[in-house]
Amino acid sequence: MGRLDGKVFVLSAAGQGIGKAVALMAAKEGAKVIATDVNGELLKQLEGVPGIQTQVLDVLNKQEIEKFANSLDSVDVLFNCAGFVHHGTLLDCAEKDWDFSFNLNVKSVYTMCSYFVPKLIAQGRGGSIINMASVVSSIKGAPNRLVYGATKAAVIGLNKSLAVDFVQHKIRFNTICPGTVDTPSLRDRMAAQGDPEQAYKDFIARQKLGRLGTPDEIAYLVVYLASDESNFVTGQDFIIDGGWSI
Ligand code: NAD
């Protein structure tokens, strides 16, 4: 028996990194997974995996989200994973950078929830929404993460508001707050720095456990929050950061 048997599990940003690991693990645990991403090429790697159905979806596009939500008969779990890491301080963050990060990291959560929460209410059997934050947020500052930290703090606040407003419908909302996780975009960020080897060492040095996290380690937490094992858990922020924030 799988821990997510019988659940319909929708997620964004399933094409690579944490989202991909979550899609694969949720399917293994028995969920019917609808794995979405803006990048159809990346989604091809998930095609044909038992329990996974793929769908191109841009979480910045309200009309696409509405059409997608309306196309689903049923949903139990929504994992809002899409996000972008802008590199820089206030002095590097133009208004367009601010707006892009807030649109992708925060407004997309609002838009997805505005179509999926009414669906969950109408179904009348509760549900679990998991929102991707970061330990770099209201929990911790990090250099060169001005707008990123601001967006992820906003996700934490948004999540708590949603949790308190819909608790009577048994819809649970929790955030996950990872430290540094070894994903393709992290590798790109290292490569973009002058000395990628030094960048790798610097990223590792932040985690007191002395290594990067793996996408699977984050997926285990998401599966727990999606499953009925966490039915008494809502409105919380789950730090999973190799001890960075101790
Ligand atoms: P990633 O950055 O490697 O991949 C992101 C995925 O999002 C890609 O598949 C991309 O196509 C998709 N995407 C981008 N724009 C999109 C859009 N408009 N609509 C739908 N999909 C879109 O993935 P990652 O590093 O695993 O990060 C996933 C999430 O986890 C992000 O929200 C990130 O902020 C958060 N996070 C990551 C880390 C880390 O160290 N990797 C740490 C904390 C939080």
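Residues numbered from 1 in each chain as written. Predicted model: local features only at pLDDT ≥ 70, side-chain atom pairs only at ≥ 80, totals over all residues. Heavy atoms only, no water.

Taking an unreviewed UniProt entry as the reference, the protein is identified by name as Dehydrogenase/reductase SDR family member 6 belonging to Biomphalaria pfeifferi.

Asker: Could you give an account of the site of the ligand, with specific residues and numbers?
Answerer: In the neighbourhood of the ligand, 29 residues make up the surrounding shell, with Asp37, Cys81, Val181, Thr183 and Ser185 lying closest. Here serine 185 contributes a side-chain N or O atom positioned 2.7 Å from an oxygen atom of the ligand. For the ligand, whose free accessible area comes to 840 Å², the fraction covered by protein is 91%. Placement of the ligand is best described as lying within the largest pocket. Those elements that provide at least two residues to the shell around the ligand are helix H1 (17-28), helix H5 (146-165) and helix H6 (184-192). (Near = heavy atom within 4 Å. Polar contact = N/O pair within 3.5 Å; in protein donor to acceptor, adjacent residues only side chain to side chain. Areas by Shrake-Rupley, 256 points an atom, 1.4 Å probe, with all protein chains shown as cover. 1 Å grid on protein atoms, 1.4 Å probe; cavity = no way out; pocket = protein on both sides within 12 Å on 5 of 7 lines; lining within 4 Å. Sits in = over half its atoms within 2 Å of the grid points. Helix = DSSP H or I, 4+ residues; strand = E, 2+ residues; numbered from the N terminus.)

Asker: Any details on the packing of H6 against helix H7 (residues 196-206)? Residues and values, ideally.
Answerer: Their axes nearest at 7 Å, the elements H6 and H7 cross at an angle of 125°. Between H6 and H7, the interaxial angle falls into the category oblique. Regarding H6 and H7, the two cross each other, and that crossing is right-handed. Residues Leu186, Arg187, Met190 and Ala191 of H6 form the contact with H7, whose own contacting residues are Pro196, Ala199, Tyr200 and Phe203. Here the contact of H6 with H7 is built from residues that sort into seven nonpolar, no polar and one charged. (Axes fitted to C-alpha atoms, helices over the stretch in contact; angles between N-to-C directions. Parallel < 35°, antiparallel > 145°, perpendicular 65-115°, else oblique. Left-handed = near helix turned anticlockwise from the far one by under 90°. Contact = heavy atoms within 4.5 Å. Nonpolar A, V, L, I, M, F, W, Y, C, P; charged D, E, K, R; others polar.)

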